[in-house]
Amino acid sequence: MYQYDEIDQRIVDERVAQFRDQTRRFLAGKLQEDEFRALRLRNGLYIQRHAPMLRIAIPYGILSSRQLRKLASIARTYDRGYGHFSTRQNLQLNWPRLEDVPEILAELATVQMHAIQTSGNCVRNITTDHFAGVAPDEIVDSLVWSEILRQWSTFHPEFTYLPRKFKIAISGSPADRAATGVHDIGLMALRNDAGEIGFRVLVGGGLGRTPIVGHVIREFLPWRHLLTYIEAILRVYNRYGRRDNLQKARIKILVKERGPEAFRDEVDAEWAHLENGPATLTEQEVARVAERFTRPPYETLSDEPVQIKGTGPGFGAWLKRNVHPHRVPGYAAVTLSLKKTGVPPGDLTDAQMDAVADLADRYSFGELRVTHEQNLVLADVRQRDLHEFWIEAKGVGLATPNVGLLTNIIACPGGDFCSLANARSIPIAEAIQRRFDDLDYVFDIGELDLNISGCMNACGHHHVGHIGILGVDKNGEEWYQVEIGGSQTRVPGAPAALGRVIGPSFSAEEVPAAIERLIEVYLERRDSDAERFIDVVHRIGVAPFKERVYGNPGERRQNRDRQLAAA
Amino acid sequence: MATLVKDDRIAIDSWQLLEGGAARWLTVGEDGLVADFAAEADLIAPLALLKVRGEELLGRAGRTGVLLEPNDDPAAIAEILDQLSLVAVRFPKFGDGRGYSTARLLRERYGYEGELRAVGDVLRDQLLFMKRSGFDSFSLRDDQDPGEAIAAFGEFSEEYQASNTQPQPLFRRRYSHAARVG
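What counts, and at which threshold
Residues numbered from 1 in each chain as written. Chains lettered and ligands numbered in written order. Predicted model: local features only at pLDDT ≥ 70, side-chain atom pairs only at ≥ 80, totals over all residues. Helix = DSSP H or I, 4+ residues; strand = E, 2+ residues; numbered from the N terminus. Rg over C-alpha atoms; globule rule 2.2 N^0.38 Å. Buried ≥ 20, exposed ≤ 12 C-beta atoms within 10 Å, placed from the backbone. Contact = placed C-beta atoms within 7 Å. Axes fitted to C-alpha atoms, helices over the stretch in contact; angles between N-to-C directions. Parallel < 35°, antiparallel > 145°, perpendicular 65-115°, else oblique. Left-handed = near helix turned anticlockwise from the far one by under 90°. Nonpolar A, V, L, I, M, F, W, Y, C, P; charged D, E, K, R; others polar. Domains from an automatic or database assignment. Pairing = 2+ DSSP bridges. pLDDT = per-residue confidence, 0-100. Expected span 1.5 Å × (residues − 1). Core = buried A, V, L, I, M, F, W, Y, C linked by C-beta atoms within 7 Å. Arc of directions from axis to C-beta.

1. A look at the overall build of chain A
Phase 1 of the analysis: Counting secondary structure elements, chain A contains 18 helices and 20 strands.
Phase 2 of the analysis: Its C-alpha atoms give chain A a radius of gyration of 23 Å, within 12% of the compact-globule value 24 Å for 567 residues.
Phase 3 of the analysis: Dimensions of chain A, computed from C-alpha atoms along their principal axes, come out at roughly 75 × 60 × 55 Å.
Phase 4 of the analysis: Sorting the 567 residues of chain A into buried and exposed places 55% on the buried side.

This is the structure in structure tokens:
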């Protein structure tokens, strides 16, 4: 991972001192509530339903074991012994005291961590592929580019009070595992015909109230121009993005209102002045950042089939779902699932954090990654160690073999914690996991992304779930709208797709049965095991699903009779 | 009266904003004339006023400045910048960050070297960003403690980006630094 130099460290230390002073002035009544709000949000501090919530930055999802142990210690000392990994690869603490936050930040700074720009109307944590650096299909190591963007975006003086938050995602490989299509700016690395590295630039994608897939405004941006071109985009947005209506302030609305072509022309006109300016990247800088990343000292091994025979039940399933290819022979990347039934998706206790840090030290060069699906990845495990690793992971409850399957639910904290939520997310996730507790059945259903958000803000990415569930408020009661057909795209060339609502919403109790009916239609209509739920939705459309879920009372009775007869 | 901070110090303000917006100075009075400008005073005029009575304003003995609103395009004054002694940019609310872009454009694109002043909801915790974007004078909101405000300029000793205070981004300076040390 990236190692701070003296200047990186000094900037983070100075940030701690600055926030300590801001907190002191607020508590002394020298800072008004709304003024402090803007300042604390830029340090990830919310005032939530029960207590403050602190969102700690995990830049592009990379953590060392030392950092994870520090997070465990902070969760133990200042919180209630657990943390929540979010869909933006960050960690959220739900119960810190406002007065303690400067001290927490000081502790984080001792391990090169911070909470800078994890909220507020500024450039947020850069997110990327959780297999960056180890994926066999990658064109560039996006970690290096993510760190370059992190430094550029940190306290950018011009872009710290944007109309709204701003999220940048970058993918180093054509299989877009970073969901670049649903970010304010999405960057996809590619090579041109001459073999030079550059980026395809998408703008104006996003979820939330107005879900839109981003528009390509530049097919190939040579890497040197990455920062100047992004500055041009942000300047156009900062000057002309809407500030009159919070719901219309994201860049996607500006792009939509102007039209993507007109927006691109404005960016190009701005860029004409910035191109080749001081922010133009140099080979020297890219090399410097790359060299500050520690690289695992891989052994020379060869790929060998992993023995499943005689390993006991479950190992084969885990290998199939949770183990991923690696570009170095003899190694594999492994997902630790944070989606065990009964545990809120993305939650990890302090003891588990310590256990994962130990696993990372012993099996994966002391590093790990947080995925936007709220799981953890140990990216550099020797294939020959997989069985032993699995036994240990199982021992701490992190070996549920459900990556990519229905029960690997993405969910925001929802109404149990978040003051923005209309409805709870976690109990819905749990009810669905309980309904689908037969692992063989879940395996048979195959690849399926099920995402839950507790409100329009879509932190649970429900629009891009193959099945998406959105909590809505109806006269003070919690209801749930179901969408199908969304996709965040992990297949080269396929754009992100947004789901379509199937009909009237359901009460919490009705949701699991509705999901089950959707699955029944899929299983009946798929042409083979290879045809996924999402493929069937795209092939036959929403109507057959809708009919089954809502149907008419007569049909519903017949269905039930048929099921009873079959049982 | 608002405290003025200029070049990181508390300063005496010689400037007077032409109050009442452009309309007041463009409306014909009962005598059939528009109001006169004080000949000797240093006056800040809203852009709309400068557009109409610019020649008259700039022809006085006193100095002339302009006030830009967040949605005013600095390109509009690019041609007359060398005749202006002050450009003020208004922040209607501290969270409205358009003025930062206005400042950078004035400094970097239009080459303005005179006094660039932040006015309006100008608070201590945004001063450093303002300075880095190109402001060198700050008309603090009335309730701001000037002493604490000045401390804001020293909160960070380095910055990653190219800015008005550091024309080269850190990554271009890191090598010269390393070269000196090495």
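2. Concerning the overall build of chain B
Phase 1 of the analysis: Of the regular secondary structure elements, chain B holds six helices and eight strands.
Phase 2 of the analysis: For chain B, the sequential pattern of α-helices and β-strands runs β-β-β-α-β-α-β-β-α-β-α-β-α-α.
Phase 3 of the analysis: For chain B, the spread of C-alpha atoms along the three principal axes comes to 75 × 35 × 30 Å.
Phase 4 of the analysis: Taking the contacts inside chain B whose residues are at least 6 apart along the sequence as the reference set, 51% of them involve residues at least 24 apart.

3. A look at the packing of helix α15 (residues 511–525) of chain A against helix α17 (residues 543–550) of chain A
Residue and element names in this part refer to chain A.
Phase 1 of the analysis: Where α15 contacts α17, the axes come no closer than 9 Å and their chain directions differ by 135°. Our classification of the angle between α15 and α17 gives oblique. At the point where α15 passes α17, the crossing takes the right-handed sense. Seen from α15, the contacting residues are Ala514, Arg517, Leu518, Glu520, Val521 and Arg525; seen from α17, they are Pro544, Phe545, Arg548 and Val549.
Phase 2 of the analysis: Grouping the constituent residues of the contact of α15 with α17 by class yields six nonpolar, no polar and four charged.

4. Quick look at the domain arrangement of chain A
Phase 1 of the analysis: Per the domain assignment, the segments of chain A are domain 1 (6–109), domain 2 (127–289), domain 3 (315–395) and domain 4 (410–566).
Phase 2 of the analysis: For domain 1 of chain A versus domain 4 of chain A, the distance between C-alpha centres works out to 35 Å.

5. Digging into the interface of chain A and chain B
Phase 1 of the analysis: Taken together, the 28 residues of chain A in the interface contact 30 residues of chain B.
Phase 2 of the analysis: Looking at the side of chain A that touches chain B, the elements with two or more residues in it are α1 (6–27), α2 (33–41), α5 (142–153), α6 (226–240) and α9 (283–291) of chain A.
Phase 3 of the analysis: The greatest single-element share of the side of chain A that touches chain B, amounting to six residues, is contributed by α1 of chain A.
Phase 4 of the analysis: Tallied by class, the residues present in the side of chain A that touches chain B amount to eleven nonpolar, nine polar and eight charged.

6. Section: the packing of helix α7 (residues 251–258) of chain A against helix α8 (residues 260–274) of chain A
Working note: a packed helix pair is described by the angle between its axes plus the distance between those axes.
All names here are of chain A.
Phase 1 of the analysis: Closest axis-to-axis distance for the α7/α8 pair is 6 Å, and the angle between their directions is 110°. Considering their axes alone, α7 and α8 lie roughly perpendicular with respect to each other. Each of Leu254, Val255 and Arg258 in α7 lies in contact with α8, whose residues at this interface are Pro260, Ala262 and Phe263.

7. Description of the sheet that holds strand β9 (residues 197–203) of chain A
Phase 1 of the analysis: Strand order in the open sheet formed by five strands is β6-β7-β8-β9-β10 (chain A), and the pairing between neighbours is mixed. Two strands lie at the open edges of the sheet, namely β6 (127–128) and β10 (215–222) of chain A, each paired on one side alone.

8. Digging into the confidence of the model for chain B
Phase 1 of the analysis: The share of residues in chain B with pLDDT of 70 or more is 96%, and the mean pLDDT across the chain is 92.
Phase 2 of the analysis: Interface predicted TM-score (ipTM) for the complex: 0.95; the corresponding pTM is 0.92.

9. Focus on the pairing of strand β2 (residues 52–56) of chain A
Residue and element names in this part refer to chain A.
Phase 1 of the analysis: For β2, the buried fraction is high: four of the five residues fall into the buried class.
Phase 2 of the analysis: Relative to β2, strand β1 (residues 45–47) runs antiparallel, the two being bridged by three bridges. Note on β2: the bridge partner recorded for Ile47 is Pro52.
Phase 3 of the analysis: Bridge count between β2 and strand β5 (residues 91–93): three bridges; the pairing is antiparallel. What sits directly across from Ile56, in β5, is Leu91.

10. Considerations on α1 of chain A
Residues and elements named next belong to chain A.
Phase 1 of the analysis: The end-to-end C-alpha distance of α1, which contains 22 residues, comes to 32 Å, matching closely the 32 Å that a straight helix rising 1.5 Å per residue would cover.
Phase 2 of the analysis: Residues of α1 that are buried include every one of Asp8, Ile11, Val12, Arg15, Val16, Gln18, Phe19, Gln22 and Thr23, and no others.
Phase 3 of the analysis: Next to the buried residues of α1 lie α2 and α4 (101–109).
Phase 4 of the analysis: Trailing α1 by a residue or two, Gly29 shows a phi angle of about 80°, which is positive.

11. A short note on the sheet that holds strand β5 (residues 64–68) of chain B
All names here are of chain B.
Phase 1 of the analysis: Strand order in this open sheet of eight strands is β2-β1-β8-β7-β6-β5-β4-β3, and the pairing throughout is mixed. Single-partner strands in this sheet number two, and they are β2 (9–11) and β3 (15–17). Neighbour-to-neighbour, the strand axes of this sheet turn through a mean angle of 30°, independent of strand direction.
Phase 2 of the analysis: As paired strands, β3 and strand β4 (residues 42–46) are joined by three bridges and run parallel to one another. Residue pairing across strands places Leu17 opposite Ile44, the latter belonging to β4.
Phase 3 of the analysis: This element, helix α2 (residues 47–58), spans β4 and β5 of the sheet and lies at about 145° to β4.
Phase 4 of the analysis: Packed onto the sheet, helix α3 (residues 98–109) meets β5, β6 (86–91) and β7 (115–120) and runs at close to 160° relative to β6.

12. Here's the deal with the nonpolar core
Residue and element names in this part refer to chain A.
Phase 1 of the analysis: Within the largest apolar cluster, 200 residues are counted, with the highest numbers of intra-cluster contacts made by Ile233, Val356 and Leu518.
Phase 2 of the analysis: In terms of residue count, α6 provides more of this core than any other element does, nine residues in total.
Phase 3 of the analysis: Ignoring sequence-local partners within four residues, the contact set of Ile233 consists of Ile185, Val203 and Val267.

13. Focus: unusual backbone geometry
Outside of glycine, negative phi angles account for most residues, and trans bonds account for most peptide bonds.
Residues and elements named next belong to chain A.
Phase 1 of the analysis: At Gln117, a position not held by glycine, the phi torsion is positive, near 55°.
Phase 2 of the analysis: Tracing the backbone through its elements, the reader meets Gln117 in the loop between α4 and β6.
Phase 3 of the analysis: The class for Gln117 is buried, based on 25 C-beta atoms found within 10 Å.
Phase 4 of the analysis: Unlike most non-glycine residues, His461 shows phi in positive territory, near 55°.
Phase 5 of the analysis: Here His461 lies in the loop between β17 (450–453) and β18 (467–474).

14. Observations regarding the pairing of strand β12 (residues 331–336) of chain A
Residue and element names in this part refer to chain A.
Phase 1 of the analysis: In terms of burial, β12 is a largely internal element, six of the six residues being buried.
Phase 2 of the analysis: Judged by which residues are buried, β12 turns out to be covered on both faces: Tyr331, Ala333 and Thr335 on one side and Ala332, Val334 and Leu336 on the other are all buried.
Phase 3 of the analysis: If you look at the hairpin formed by strand β11 (residues 323–324) and β12, you'll find six residues sitting between the two strands, and Gly330 has a positive phi there, around 90°.

15. Structural notes on α15 of chain A
All names here are of chain A.
Phase 1 of the analysis: Helix length check: α15, at 15 residues, gives a terminal C-alpha distance of 22 Å against a target of 21 Å (1.5 Å per residue), a fit within 8%.
Phase 2 of the analysis: Within the span of α15, buried status applies to Val511, Ala514, Ile515, Leu518, Ile519, Val521 and Tyr522. Buried residues of α15, viewed axially, fall in a sector of 155°; they line one side.
Phase 3 of the analysis: Next to the buried residues of α15 lie α13 (426–435), α14 (439–445), β18, β19 (477–484), α16 (533–540) and α17.

16. Notes on the environment of Leu187 of chain A
All names here are of chain A.
Phase 1 of the analysis: Positionally, Leu187 belongs in strand β8 (residues 185–191).
Phase 2 of the analysis: Note on Leu187: 28 C-beta atoms within 10 Å, which makes it buried.
Phase 3 of the analysis: Residues in contact with Leu187, not counting those within four places in the same chain, are Ile170, Thr180, Phe199 and Val201.

17. Quick look at the environment of Arg243 of chain A
Phase 1 of the analysis: Note on placement: Arg243 of chain A falls in the loop between α6 and α7.
Phase 2 of the analysis: A count of 22 C-beta atoms within 10 Å places Arg243 of chain A in the buried class.
Phase 3 of the analysis: The residues contacting Arg243 of chain A, other than those within four sequence positions of it, are Pro163 and Ala249 of chain A together with Asp96 of chain B.

18. Some thoughts on the environment of Lys93 of chain B
All names here are of chain B.
Phase 1 of the analysis: Mapping Lys93 onto the fold places it in the loop between β6 and α3.
Phase 2 of the analysis: Classification of Lys93 by C-beta neighbours within 10 Å gives exposed; the count is 12.
Phase 3 of the analysis: Measuring from C-alpha to C-alpha, the distance between Lys93 and Ser133 comes to 17 Å, with 40 residues separating the pair along the chain.

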